[in-house]
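Given next are the chains, with one letter for each unit.
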Amino acid sequence: MTLDTAPAPAAAAPAAAAPPRKRVLRPGRLGVHAFLMAVSLAFLAPLLLAVYASLRPYDETSEHGYFSLPKKLSFDYYQQAFSDSGMMKYFINTLIIAVPGVLLTLFFASFVAFAVSRLRMRGSIVLLMLFTAGNLLPQQVIVTPLYVLFNRIPLPYWMSDSMTMFDSFWAVIAVQVGFQIGFCVFVLANFMRTLPQEILEAAIVDGASVWTQYWRITLPLCRPALAALGTLQFTWMYNDFLWALVFISDGDKLPITSALNNLRGQFFTDYNLLAAGSVIVALPTLIVFLLLQRHFIAGLTLGSTKG
């Protein structure tokens, strides 16, 4: 007795690979790209013009104009701007103001944001609104009251040569922290709300204290947001000119933004030299942004797709 076995079905022929699809820019997307390129060029144009002018002699630009073709390009103005304005001293003054200001702002803001967003406490929404409303107050309104107040707050000699808060770095740092903390609280509180609540609940079950929940659990998760805010805060504090001009009378304590005034003559100003000084002053903020670019972009986009 023989068993009839059905023939095995033929193996299916492999499907032919589909040809790669070519990306075609639609008219609407092409318009968006053109608009973004135009906006980028509009923002970069002043910087590119300053760099271009700083590499040319003033006599050449005064005769042929800033938009003429160069006959000679050199970095002589950069060396002259750095030496004539004493920028190294002003760079150090700026770092003394900006670095502690950024660290204190992020620490206090993250602490308040943690209490508002992660702890169950009464009036948290009102507290968040109070910190946010502080950003709506024009800074120039309280210049005179702060000037009088800082002249009356005593400080020991090792903290201030004037024996008061006026004419010291502490006054500028305090104002920077006070005005920037509201914005940071608003951003960090909204970012912390996107973090899973189950993480803190598990930590509470394991016996974690409030400080442990804040310092060892929440802050590491907020690293992208802190990097983004740190970049913004350093840029704002670095470029500030108003508060140092109001609360510091000693010229040797002024920040880097005031060093450009040393490049302006009483009767004549070499604008090519001034452009070179402006480019040097802008370099630290550009370096900070390039170093923290990945964290900065991540901090801006994280939480945008929740839900």
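Relevant structure appears above.
Conventions used here
- Residues numbered from 1 in each chain as written.
- Predicted model: local features only at pLDDT ≥ 70, side-chain atom pairs only at ≥ 80, totals over all residues.
- Heavy atoms only, no water.
- Helix = DSSP H or I, 4+ residues; strand = E, 2+ residues; numbered from the N terminus.
- Buried < 20%, exposed > 50% of the residue type's maximum accessible area, 1.4 Å probe, protein only.
- Contact = heavy atoms within 4.5 Å.
- Areas by Shrake-Rupley, 256 points an atom, 1.4 Å probe, with all protein chains shown as cover.
- Phe/Tyr/Trp six-rings, centres within 6.5 Å; stacked < 30°, edge-to-face > 60°.
- Salt bridge = Lys/Arg side-chain N within 4 Å of Asp/Glu carboxyl O.
- Expected span 1.5 Å × (residues − 1).
- Bend = angle between axes of the 7 residues up to and from the residue.
- Core = buried A, V, L, I, M, F, W, Y, C linked by side-chain atoms within 4.5 Å.
- Polar contact = N/O pair within 3.5 Å; in protein donor to acceptor, adjacent residues only side chain to side chain.
- Axes fitted to C-alpha atoms, helices over the stretch in contact; angles between N-to-C directions.
- Parallel < 35°, antiparallel > 145°, perpendicular 65-115°, else oblique.
- Left-handed = near helix turned anticlockwise from the far one by under 90°.
- Nonpolar A, V, L, I, M, F, W, Y, C, P; charged D, E, K, R; others polar.
- Patch = residues over 30% accessible without salt bridge, like charges linked within 9 Å, V, L, I, M, F, W, Y side chains within 5 Å.

**A closer look at the overall build of the protein chain**
Point 1. If you tally the helices and strands in the protein chain, you get 13 helices and zero strands.
Point 2. For the protein chain, the N- to C-terminal ordering of α and β elements is α-α-α-α-α-α-α-α-α-α-α-α-α.
Point 3. A total of 307 residues make up the protein chain; the buried ones form 36% of that total.
Point 4. Summarising the internal contacts of the protein chain: among those between residues at least 6 apart in sequence, 71% fall at separations of at least 24.
Point 5. Carbon and sulfur atoms form 68% of the exposed surface of the protein chain, whose accessible area is close to 19,700 Å².

**A word on the packing of aromatic side chains**
Point 1. A full pass over the atoms with the stated rule returns 16 aromatic pairs.
Point 2. Each ring, one from Phe111 and one from Tyr214, has its centre 4.8 Å from the other, and the planes form 75°; the classification is edge-to-face. Taken as a pair, Phe111 in helix H4 (residues 87–117) and Tyr214 in helix H9 (residues 210–221) lie far apart in primary sequence, 103 residues in all.
Point 3. A residue is classified by how much of its surface remains accessible, and Phe111, at 38% relative accessible area, is partly exposed.
Point 4. The buried category is assigned to Tyr214, whose relative accessible area is 1%.
Point 5. Arranged with centres 5.0 Å apart and planes meeting at 70°, the rings of Phe150 and Phe247 form a pair that is edge-to-face.

**Concerning the environment of Asn190**
Point 1. Along the polypeptide, Asn190 turns up in helix H7 (residues 169–192).
Point 2. For Asn190 and Ala113, which are 77 residues apart along the polypeptide, the C-alpha to C-alpha distance reads 8.2 Å.

**Here we look at the pattern of salt bridges**
Point 1. Tallying each qualifying case throughout the model produces three salt bridges.
Point 2. The shortest N-O distance in the salt bridge between Arg56 and Glu60 comes to 2.8 Å. We note that Arg56, like Glu60, is buried.
Point 3. Among the ionic pairs, Lys89 bridges to Asp252, the shortest N-O distance being 3.2 Å. Of this pair, Lys89 sits in helix H4 while Asp252 sits in the loop between helix H11 (242–247) and helix H12 (271–291), and the two are 163 residues apart along the sequence.
Point 4. Accessibility expressed as a relative area gives 45% for Asp252, which makes it partly exposed.

**What about H7?**
Point 1. Helix length check: H7 (24 residues) gives 32 Å between terminal C-alpha atoms against 34 Å at 1.5 Å per residue, within 8%.
Point 2. The largest bend in H7 comes to about 35°, at Ile181.
Point 3. Most of H7 sits out of view: 17 of its 24 residues are buried.

**Topic: unusual backbone geometry**
Point 1. Phi angles above zero are rare outside glycine, and Met163 is one such case at about 65°.
Point 2. Within the secondary structure, Met163 sits in the loop between helix H6 (143–152) and H7.

**Overview of the nonpolar core**
Point 1. Core analysis: the largest hydrophobic core is formed by 65 residues, its most contacted members being Met87, Phe150, Val175, Leu188, Trp243, Phe247 and Ile256.
Point 2. Sort the elements by how many residues they give to this core and H7 lands first, with 14 residues.
Point 3. The contact partners of Met87, leaving out residues within four places of it in the chain, are Ala81, Phe82, Ile256, Ala259, Leu260, Gly277, Ile280 and Val281.

**Some remarks on the environment of Thr94**
Point 1. As for its placement among the helices and strands, Thr94 is situated in helix H4.
Point 2. Look at Thr94 and you get buried, because its relative accessible area is 2%.
Point 3. Taking the C-alpha atoms as reference, Thr94 lies 9.5 Å from Asp240; in sequence the two are 146 residues apart.
Point 4. Thr94 has contacts with Tyr238, Pro255 and Ile256, leaving out every residue within four places of it along the chain.
Point 5. Separated by 2.9 Å, the side chain of Thr94 and the backbone oxygen of Tyr90 make a polar contact.

**A short note on the packing of helix H8 (residues 197–205) against H9**
Point 1. At a minimum axis separation of 11 Å, H8 and H9 run at an interaxial angle of 160°. Judged by the inter-axis angle, H8 sits roughly antiparallel to H9. The interaxial crossing formed by H8 with H9 has right-handed handedness. Along its contact with H8, which presents Ile199, Leu200, Ala203 and Ile204, the element H9 presents Gln213, Ile217, Thr218 and Leu221.
Point 2. Split by residue class, the contact of H8 with H9 holds six nonpolar, two polar and no charged.

**A look at the side chain of Gln233**
Point 1. Summarising the element assignment, Gln233 is placed in helix H10 (residues 223–239).
Point 2. Setting aside residues up to four positions removed in sequence, Gln233 forms contacts with Val102, Thr105, Gln180, Phe183 and Cys184.

**A short note on a nonpolar patch on the surface**
Point 1. On the surface, Leu104, Phe107, Phe108, Phe111, Trp211 and Trp215 cluster together into a nonpolar patch covering about 580 Å² of accessible area.
Point 2. Elements with a minimum of two residues in the nonpolar patch: H4 and H9.
Point 3. Tallying contributions element by element places H4 first for the nonpolar patch, with four residues.
Point 4. With respect to the element layout, Trp215 can be found in helix H9.

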